[in-house]
Amino acid sequence: MDRLLFLLATGLARGAIFALFALALVLIWRAARVVNFAQGAMAVVATYVAFAVTGLTGSYWIGLASALVAGGLMGLVVERGVMRFATHASPLSGVIIAIGVVMVLQSALGIAFGPNSRPMEAPFPETPIVIGGVPVLSPYDLFVLIVAIGLMGVLALLFTRTSLGLQLRASAFAPEVSRLLGVRVARMVTAGWVLASAVGALAALLLVPTELGLSPHSADMLFVSAFTVAVVGGLDSPPGALVGGLAVGVLISLVTGYLGATVAPIAVLVLLVAVLLVRPGGLFAATEARTA
């Protein structure tokens, strides 16, 4: 039972990171109807910026703030520089461009910093807190959960209680009607990319200290897991990203703890296939209204 509680707690912390990154994918999909396969590489660039700023200033918090700014700027540059020219006639156009962005960014990071992993310290201890003889969340895991849940709450308020959120939602679901109503759809798409890229950068920054270190490929597995989360929850559903992220995080933790790390990717794949067979649009996908 002690082992189960520990694995559940660590799974929730890891799942919160998956949920954040999946939410970034959902935000871009809702804004531009593009699956941003470059999200991981963009987040790693922002994490390198945070690593450099933290080293120069000695402050993790200034590094975190710089990662958010760098992530947002990456979203602006990628959307304005390349993704805006993707044709909507073919869904593969945006995918191919995004894969090209991945190759360019990872190659540039490899040239600039080398392929070796660099250790990145967490701002809080990673040793689990023992309560009643049972190891549960570490202070850093608790920090990750608080940040993830808090940010999701802020984003929920943004999209449901503010004019900007309403314009972002309208631009995603009815761009032509939104233009007629005076909404600057192109600007809203860019805002969606900036917001999503900042969220993705935060997710990568939270994950790296718990992994092998910072390298040009640090977010590759994060992207794979988060993409699975987004598909399982539904690419149009922010609540699906939250629930799916926590579920996948707990699944990976339990399978790794009881069956081994090599079995965890197979378990995630089985979950993905099962959801696609039962509900291809995702568990939380909105039901389309009948038009006839």
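Before reading further, recall that the structure is shown in the block above.
Counting restarts for each chain, with residues numbered from 1 along the sequence as it is written. This being a predicted model, a pLDDT of at least 70 is required before a residue's local features are given, and a value of 80 or more before pairs of side-chain atoms are given or counted; all residues contribute to the totals for chains, interfaces and linings. Hydrogens are left out, water is left out, and the side-chain values use all remaining heavy atoms of the structure.

What about the overall build of the chain?
Heads up, the rule is: Secondary structure is summarised from DSSP: a helix means a run of H or I of at least four residues, a strand means a run of E of at least two, and numbering begins at the N terminus for each. C-alpha atoms define the radius of gyration in this analysis, and the globule rule sets the expected value at 2.2 Å times the number of residues to the power 0.38. Residue burial is assigned from relative accessible area. The probe radius is 1.4 Å, only protein chains are included, and a residue is buried under 20% of its type maximum, exposed over 50%, and partly exposed in between.
A count of helices and strands for the chain gives 11 helices and two strands. Going residue by residue from the N terminus, the α and β elements of the chain occur as α-α-α-α-β-β-α-α-α-α-α-α-α. Its C-alpha atoms give the chain a radius of gyration of 19 Å, near enough to 19 Å, the size a compact globule of 292 residues would have. Dimensions of the chain, computed from C-alpha atoms along their principal axes, come out at roughly 60 × 50 × 35 Å. The buried share of the chain, taken over its 292 residues, is 47%.

Some points on empty space enclosed by the protein
For clarity, the threshold we go by: Using a grid of 1 Å spacing that covers the protein atoms alone, one calls a set of points a cavity when a 1.4 Å probe fits there but cannot get out, and a pocket when the set is open and has protein on both sides within 12 Å along at least five of seven lines; lining residues are those with an atom within 4 Å of a point. Grid points are joined across faces, edges and corners, and a volume is the space filled by probe spheres set on the points. By the convention adopted, Pro, Cys, Tyr, Trp, Phe, Met, Ile, Leu, Val and Ala count as nonpolar, Lys, Arg, Asp and Glu as charged, and the other residues, Gly among them, as polar.
For the structure on display, the rule yields one cavity of 30 Å³ or more. Of the voids in this model, the largest cavity is the one considered here, and its volume is about 110 Å³. Looking at the largest cavity, it is lined by 13 residues, and the ones nearest its centre are L27, R30, A31, F159 and L168. It is helix α6 (residues 163-173) that contributes the most residues to the lining of the largest cavity, five residues altogether. Its residues assigned to classes, the lining of the largest cavity comprises nine nonpolar, two polar and two charged.

Here's the deal with the pattern of salt bridges
Put simply, the rule reads: Salt bridges are defined as contacts in which a side-chain nitrogen from Lys or Arg sits within 4 Å of a carboxyl oxygen from Asp or Glu.
Inspection of every chain in the model, using the stated rule, returns three salt bridges. Ionic pairing is found between E211 and R14, a salt bridge with its closest N-O pair at 3.1 Å. Placement of the pair is E211 in the loop between α8 (185-207) and α9 (220-233) and R14 in helix α1 (residues 2-32), with a sequence separation of 197 residues. You can call E211 partly exposed: its relative accessible area is 39%. Here R14 falls in the partly exposed class, since its relative accessible area comes to 28%. One salt bridge in this structure joins R80 and E79, with 3.8 Å as the shortest N-O distance. R80 sits in the partly exposed class, given a relative accessible area of 43%. Looking at E79, the relative accessible area reads 4%, which means it is buried.

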